[in-house]
Amino acid sequence: MAALLTCWVNLASGASLGYATPALPSLQHPSSRLHITENQGSWVAGLVMLGALGGGVLAGPCISLGRRRALWLTATPLTFAWLLIALAPNVWFLYIAHFILGTCLGIIADASQLYVSETASAQWRGALGCIPVLMFNGGILTCYTAGAWLDWEKLALFGVGLTLPALLFPIVLPESPSYLVAQGHIDEAIGALHWLRGATYDITAEYQELLYCEKGPGVLKKLQGLGDHEILHPLLLTGAIRALSRFCGLRAILCYTQTILLSSHSSLDVEVATIITGAVQLIATLIACVLLDRLGRRKLLIASQAVMGLSLVGLACYHYYHEDLRSTRGTLVDWLPVVAIMVYIVANSIGLGPVSGIIIGELVPQRHRSIASSITGAVSWLSAFIVTKTFLDLRSILNLHGALWLYGSVCLIGVPFVYFSLPETRGISQYGIDVLFKANRDHSNDITETKIGQSKPLMVLKAQTMKTSICNECSTQGSEISSSDNISV
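Looking only at helices and strands, one finds 23 helices and zero strands in the protein. Taking all 489 residues of the protein together, 59% fall into the buried category. A separation threshold of at least 6 residues defines the contact pool for the protein, and within that pool the share at least 24 residues apart is 82%. Looking at the protein as shown, the accessible area adds up to about 19,300 Å², and 65% of this sits on carbon and sulfur atoms.

What follows is the structure, encoded as structure tokens:
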């Protein structure tokens, strides 16, 4: 309940991501009160990503005020931005409004993911960690569906209605226990844990683990500490995977779904196809909620990037040979573009999409998350802006098939990167993950020797050998970590 109500603002923010797809054709229609060109439309779509870049930088300071509070505060400017779009007298108001929407998006994306990751128990962190992405995708689908009947002005007013509940829901919810412990609000942290786990649940072990994980230096020393291996390694991994999730081309394909389908001469109505796209994305994210805690992060990441890459390569080949396929109009071949896009979106929503959001709450130590959110958020949204703004330029330079081949290549490059670099964190507590990266540094020589003659990747061997070192580390912390409950490794 905490995850769903807190992430309601993600629904409204997801609608801002989906707004451009149905709104741009309406804004370019001759009868529109406000008429924009194709280039202006690309700026409208791109400025959301550019605003999210600023929001990603601001996410760290906002999150340091409290995860729940950050989400609560962004609901007000989000409502204002929707109103500004609905009342816009010229295109500059659209630019300003979409930049504000993007700024809120950048803050919401990290704050919601951290709130859910820090309030969920280790065994449910994967499933509940999908809820922010699920709500984002639900907002996109809602906007796609409403956009089939509403013009751009009424659709913006619809966005206002979506956002208003986000001003009320956080009132009844507790702050993240991790944040409360870090601020020294011990009684409130205990109350929050009881609220989240139930009054009869024994929170002793989890609370003492939070006390250990939250012991850290001040802000200046945190910045200096980013160079330490156990901090730098997860920070670089998180930034790289978040960048991969952008350069795979998802934002460009979602924003220009109608353009791609029109270029494909698909027999399916483009508005219907857009709604189907949003529905498929939502359903696939629901599936990810189940699979993340059963199959793990690595397997889903590897499989999703491979399928995404092959789907885009297939779609690119269709466009490259579409002149030779003219004789097949009206046959099943005509559905290939739609099927390729759907498979691509399903693969992203099951693996790369949710995992790229979850990992910052898993890999990065709690005491460094606010700073890491600013750094990786800036990388993520800068990448998204570049992809969204340059799609039309790539299409004119490389043709549509060339741009799709480029995005597909990025997806396929991500497969070996994840295979050899990312450890599995399914079911491991935050304390265990911290020890994992410390032990990776301390035992790298021993693991390298173990690797000789083995067929498994280095990070899998590391994760397997960490069980013993985590248990040993826990045994040395007997005064701080309760032995009455099991700590998941």
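Here we take up unusual backbone geometry. Glycine aside, residues mostly have negative phi angles, and peptide bonds mostly take the trans form. Of note, the phi angle at N399 is positive, near 70 degrees, even though the residue is not glycine. Within the secondary structure, N399 sits in helix 20 (residues 369–421).

Here we take up helix 6 (residues 91–119). With 29 residues, helix 6 extends 42 Å from end C-alpha to end C-alpha; this agrees with the ideal 42 Å at 1.5 Å per step. With 24 of 29 residues buried, helix 6 is to be regarded as a mostly interior element. Taking the backbone nitrogen of W92 as reference, a side-chain oxygen 3.0 Å away marks N90 as the first, capping residue of helix 6.

This structure, assessed with the given rule, holds six aromatic pairs. Taken together, a centroid distance of 5.5 Å and an interplanar angle of 50 degrees make the contact between Y320 and W405 tilted. A residue pair is termed long-range when its members are at least 10 positions apart, and Y320 in helix 18 (residues 297–320) and W405 in helix 20 qualify at 85 residues. Residue Y320 is classed as partly exposed on the basis of its relative accessible area, which comes to 45%. Residue W405 is classed as partly exposed on the basis of its relative accessible area of 28%. Measuring from ring centre to ring centre gives 5.0 Å for Y419 and F420, while their planes differ by 90 degrees; the resulting arrangement is edge-to-face. Look at Y419 and you get partly exposed, because its relative accessible area is 31%. Lying across the ring of W381, R246 places its NZ or CZ 4.0 Å from the centre. Taking NZ or CZ as reference, K389 lies 4.6 Å from the ring centre of W43, over its face.

Y19, W82, I85 and L94 are the most contacted members of the largest nonpolar core, which has 112 residues in total. Broken down by element, the residue count for this core peaks at 16 residues, all from helix 20. Contacts of Y19, omitting those with residues within four sequence positions, involve W82, I85, H98, C143, W152, L155 and A156. Among the nonpolar cores identified, the runner-up in size contains nine residues, and Y179, A189, A192 and Y207 belong to it.

Following both chains from N to C, one finds helix 2 (residues 8–18) and helix 5 (residues 67–86) inclined at 35 degrees, their axes separated by 10 Å at the closest point. Between helix 2 and helix 5 the crossing geometry is left-handed. Contacts from V9, N10, A12, S13, A15 and S16 in helix 2 reach L71, T74, A75, L78 and W82 in helix 5. Per-class residue counts for the contact of helix 2 with helix 5 are seven nonpolar, four polar and no charged.

Looking at the protein, pLDDT values average 78 and 78% of them are 70 or higher. Per-element averaging of pLDDT across the protein places helix 23 (residues 458–476) at the bottom with 41 and helix 9 (residues 152–163) at the top with 92. Throughout residues 216–224 the model reports pLDDT below 50, and contacts reaching past four residues in sequence, or to other chains, amount to eight contacts. Confidence over residues 444–489 falls short of pLDDT 50; this stretch has 62 contacts with residues more than four positions distant or in other chains.

With that settled, the discussion passes to the pattern of salt bridges. What the rule picks out here adds up to three salt bridges. Between D110 and R242 there is a salt bridge, with the nearest N and O atoms lying 2.7 Å from each other. Here R242 lies in helix 14 (residues 229–247) and D110 lies in helix 6, a separation of 132 residues in the sequence. In this structure, D110 and R242 share a single accessibility class: buried.

Along the chain, the position of L114 falls in helix 6. The contact partners of L114, leaving out residues within four places of it in the chain, are I63, R67, I360, G361, R369 and S373.

Moving on, we come to the environment of W124. With respect to the helices and strands, W124 occurs in the loop between helix 6 and helix 7 (125–129). Using a relative accessible area of 53% as the deciding quantity, one classes W124 as exposed. It is 9.5 Å that separates the C-alpha atoms of W124 and L292, two residues lying 168 residues apart in sequence. Setting aside residues up to four positions removed in sequence, W124 forms contacts with G129 and D293.

Along the polypeptide, K389 turns up in helix 20. No salt bridge is formed by the buried K389; its nearest oppositely charged neighbour, D393, is found at 4.9 Å. If we ignore the near neighbours within four places in the chain, the residues touching K389 are N39, S42 and W43.

Below, the discussion takes up the packing of helix 6 against helix 8 (residues 131–147). Direction vectors running N to C along helix 6 and helix 8 enclose 140 degrees, while the axes themselves pass 9 Å from each other. By the angle between their directions, the pair helix 6 and helix 8 is classed as oblique. The residues of helix 8 that touch helix 6, namely those facing L105, I108, A109, S112, Q113 and V116, are P132, V133 and F136. Residues that form the contact of helix 6 with helix 8 fall into these classes: seven nonpolar, two polar and no charged.

Attention now moves to the side chain of S311. On the secondary structure map, S311 appears in helix 18. Setting aside anything within four residues of it in sequence, one finds S311 in contact with A340, V343 and Y344.

Let us now look at the environment of I345. Here I345 shows up in helix 19 (residues 336–358). Separated by 65 residues in sequence, I345 and V280 have C-alpha atoms that sit 7.4 Å apart. Among all residues touching I345, those that are not within four sequence positions of it are L254, T277 and Q281.

Rules used in this analysis
- Residues numbered from 1 in each chain as written.
- Predicted model: local features only at pLDDT ≥ 70, side-chain atom pairs only at ≥ 80, totals over all residues.
- Heavy atoms only, no water.
- Helix = DSSP H or I, 4+ residues; strand = E, 2+ residues; numbered from the N terminus.
- Buried < 20%, exposed > 50% of the residue type's maximum accessible area, 1.4 Å probe, protein only.
- Contact = heavy atoms within 4.5 Å.
- Areas by Shrake-Rupley, 256 points an atom, 1.4 Å probe, with all protein chains shown as cover.
- Expected span 1.5 Å × (residues − 1).
- Polar contact = N/O pair within 3.5 Å; in protein donor to acceptor, adjacent residues only side chain to side chain.
- Phe/Tyr/Trp six-rings, centres within 6.5 Å; stacked < 30°, edge-to-face > 60°.
- Lys NZ or Arg CZ within 6 Å of the ring centre and 35° of its normal.
- Core = buried A, V, L, I, M, F, W, Y, C linked by side-chain atoms within 4.5 Å.
- Axes fitted to C-alpha atoms, helices over the stretch in contact; angles between N-to-C directions.
- Left-handed = near helix turned anticlockwise from the far one by under 90°.
- Nonpolar A, V, L, I, M, F, W, Y, C, P; charged D, E, K, R; others polar.
- pLDDT = per-residue confidence, 0-100.
- Salt bridge = Lys/Arg side-chain N within 4 Å of Asp/Glu carboxyl O.
- Lys, Arg positive; Asp, Glu negative; His and termini not counted.
- Parallel < 35°, antiparallel > 145°, perpendicular 65-115°, else oblique.

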